[in-house]
Amino acid sequence: MSTRNNSHRPLRYVDALREAVSQEMELDPRVFVFGLDVDDHKGIQGSTLGLREKFGAERVFTTPLSEDAMTGVAIGAAMAGLRPIHVHIRMDFLMLCMNQLVNIGAKAHYMYGGAVKVPMVIRSMIGKSWGQGAQHSQGLHAMFMHVPGLKVVAPSNAHDAKGCMIAAIRDDNPVIFVEHRLLYPTEAYVPEEPFTVPFGHARVLKTGKDITLVGISNMVMECLRAQELLAEAGVQAEVLDPIWLAPLDIDSIVDSVNRTGNLLVVDTAWTSCGASAEIVAGVAESARVLRGVRMARMGYAATTCPPSPPIEQEFYPNAAKIAAKAYEMVRPESGEWTPDATRAMLTHQLQFRGPF
Amino acid sequence: MFVFSFRFYYGDSFVRQPVMVDLIPIYTKLRLIRRVEEEIARVYPSDKIKSPVHLSIGQESSSVGVCDVLRPDDMVSASYRGHAAYLAKGGDLNAMIAELYGKATGCARGKGGSMHLVGMDHGVLGGSAVVGTTIPMALGYAFALKREGKGRVVAAFFGDGATEEGVFHESMNFAALHRLPVLFICENNFYAIHEPLEKRWATRELCERVRTYGIPARQIVDGDVMEIRRWASEAIAPMRSGASGPAFLECHVYRWREHVGPGEDYDAAYRGRGELLPWQESDQVKIIGAQLEDSERARIDAQIESDIAAAFEFAESSPFPQPEDLFTHVYAK
């Protein structure tokens, strides 16, 4: 995370997203923002509020509910030299964009022999808050990690939300930008001036000698809380945020694993064929691993997400579950240990109110 | 010599003013596409062309009629049956044949193949093998051109099957909503692979469907290249000034060869040769060619044969990509 200086101030994730887009739109007239509801009074939970007033309806406009065609429009506009930001209020809707993203967007630069570039950002929000249910809560980033030609990023804090957004806008490739609803109100110190978070570089957030916790998106926050709880139990966890899922910085994860000997990857998605599977496989295959490593994954339960609170809570990983699992991996001989569940809860989640 | 190639044709349908149209470029493009495709079919059994080919033989008139009224800086988008649109728009012949051969000198450096011809320098957006996918791409490009404000337009070619995709209807709505400078050209050859319209369309009223989006639509059923050209010209002129939005043209055409590959398939169960005969009688290559002086036509034909021979020689003698080229262009730098 960034250190404090004169140009840094606390900023919410949602405001960091908006500031990044606003600054880039000022710098580059080719950038435009479109998607259902980007110009309404709620402005995608506030992340696009005020942009239309500032830049006009030519550069900030809503769309018909035509995700397939709108993705094609973004691709065509990008080929023509513009830099579209296509916004989806839920990641689930990206399933309607798959043909354009996978069959054209990801491949155009390659299959047209470098004749075109597709500089575009696909903003999408994982909708987990509470009660979002089966189709408003999914983390589907692994589907895009699978396809060469796409970049995938899942910033976990306001600083990276801004820096990754600016990097994504300036990049000449399609970037799937994975946001998380629960992170929107979280604050971090964020520079006022434009800056980029470089591609393919993970960040070690906490150092520790016993186990490496790799969190993805909001699971970074859960891992950080788990790290605090584990410290109270005498286990020192290292917490690592990959930030970029494609390109993925597997080397930094391997370096950490070489220090700790244990790896627990926690995703805000299913584990099967997921980002966590890719990370574990990357470590398992690495010739740079110097010691025996115990590895495990956590993610969504292998079910569809239900809205009913008691079973919804079971569906998701959380800090208590992460800490318990990590403890078991580090101290297999010590028997089961589970932190106090109420102390494991994160304040920004406790403060969440509906309806969306 | 040049003056002999001009013929009077009716121009704007409201004014009915006759206009002069030069037939030489029209015949040249019709003949070029026909002969290139025939040569591809001839060479194909040698397996030197390692790319599935969807030949445009018999379907030349829609591409040629429309592209004849486009400016060099206008754009076309096309489908996997895109050889005709590529050549009609002025795509480089050498680069096209080299692409079919998988050579590094191909228009997509051997990474696209027949179904993904591209020629950005000549206004050819890349083709796509997934039916309908290039339609919204054309919209996005047109969106940028409208913002640019230089009067450029996009001609979006696709087949009858594409109109069954959801993205087609999404695109009609968006193009009309934003008054994008796009001419849609549905090349209706009556078959999706081997499946006839009767098994796919509840009604034949495609133009009526399109008109409900507020887009003027015209159906041309005889493949007449001059009629296609005339209507395209009428539709595009007001688009350039922003006076009108998108327009739609349904051109009935007929695919003379099999869906994919070099041969004919009139022995297959889905169609018979009887369907072909009226289209051969109204073959635009012959009809337009017959309106030129014999000597002029002979000169054009000879030049085309020479260009085709040179293109295949260029493809034959060009190098293949290097193994390391497999990994170039995965990401733009």
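Residues numbered from 1 in each chain as written. Chains lettered and ligands numbered in written order. Predicted model: local features only at pLDDT ≥ 70, side-chain atom pairs only at ≥ 80, totals over all residues.

**A few points about the sheet that holds strand S4 (residues 154-159) of chain B**
Backbone-to-backbone hydrogen bonds join strands into a sheet, with any given pair of strands oriented parallel or antiparallel.
Residue and element names in this part refer to chain B.
And then number 1: Reading across the sheet, the 5 strands line up as S3-S4-S5-S9-S8 and stay open at both edges, with parallel pairing between neighbours. Here the strands that pair on one side only, and so sit at the sheet edges, are strand S3 (75-77) and strand S8 (217-220). Within the sheet, the average angular offset between the axes of one strand and its neighbour, ignoring direction, is 15°.
And then number 2: Alignment of S8 against strand S9 (residues 247-252), held across 4 bridges, turns out to be parallel. Bridge pairing links Ile-220 to Cys-251 in S9.
And then number 3: Lying on the sheet, helix H5 (residues 134-148) is in contact with S3, S4 and strand S5 (182-188); it crosses S4 at an angle near 175°. (Pairing = 2+ DSSP bridges. Helix = DSSP H or I, 4+ residues; strand = E, 2+ residues; numbered from the N terminus. Axes fitted to C-alpha atoms, helices over the stretch in contact; angles between N-to-C directions. Contact = placed C-beta atoms within 7 Å.)

**What to know about helix H6 (residues 166-177) of chain B**
And then number 1: The terminal C-alpha atoms of H6 of chain B, which comprises 12 residues, lie 17 Å apart, in line with the 16 Å expected from a rise of 1.5 Å per residue.
And then number 2: Val-167, Phe-168, Glu-170, Ser-171, Met-172, Phe-174 and Ala-175 of chain B are the residues of H6 of chain B that are buried.
And then number 3: The elements touched by buried residues of H6 of chain B are helix H3 (67-79) of chain A together with H5, S5 and helix H7 (206-211) of chain B.
And then number 4: Looking one or two residues past H6 of chain B, Arg-179 of chain B carries a phi angle of roughly 50°, positive in sign. (Expected span 1.5 Å × (residues − 1). Buried ≥ 20, exposed ≤ 12 C-beta atoms within 10 Å, placed from the backbone.)

**Topic: the pairing of strand S10 (residues 211-215) of chain A**
Residue and element names in this part refer to chain A.
And then number 1: Taking burial as the measure, the 5 residues of S10 include 5 buried ones, the bulk of the element.
And then number 2: A two-sided burial pattern is seen for S10, the buried positions comprising Ile-211, Leu-213 and Gly-215 on one face and Thr-212 and Val-214 on the other.
And then number 3: Alignment of S10 against strand S11 (residues 237-241), held across 4 bridges, turns out to be parallel. Directly across from Val-214, in S11, lies its bridge partner Leu-240.
And then number 4: Crossover handedness for the path S10 to helix H8 (residues 219-232) to S11: right-handed.
And then number 5: Inspection of the sheet shows S10 paired to strand S13 (residues 262-266) by 4 bridges, in the parallel sense. Counterpart to Gly-215 in the pairing with S13 is Val-266. (Right-handed = clockwise from strand over helix to strand, strands pointing away.)

**Some words on the interface of chain B and chain A**
And then number 1: Facing 33 residues of chain B, the contacting portion of chain A comprises 32 residues.
And then number 2: When residues in the side of chain B that touches chain A are grouped by element, the largest group, 10 residues, is from H5 of chain B.
And then number 3: Of the residues that constitute the side of chain B that touches chain A, the class distribution is 20 nonpolar, 10 polar and 3 charged. (Nonpolar A, V, L, I, M, F, W, Y, C, P; charged D, E, K, R; others polar.)

**Regarding the domain arrangement of chain A**
All names here are of chain A.
And then number 1: According to the domain assignment, chain A contains domain 1 (8-191) and domain 2 (203-350).
And then number 2: Between domain 1 and domain 2, the contact holds 26 residues from the first and 27 residues from the second.
And then number 3: Per-class residue counts for the side of domain 1 that touches domain 2 are 15 nonpolar, 9 polar and 2 charged. (Domains from an automatic or database assignment.)

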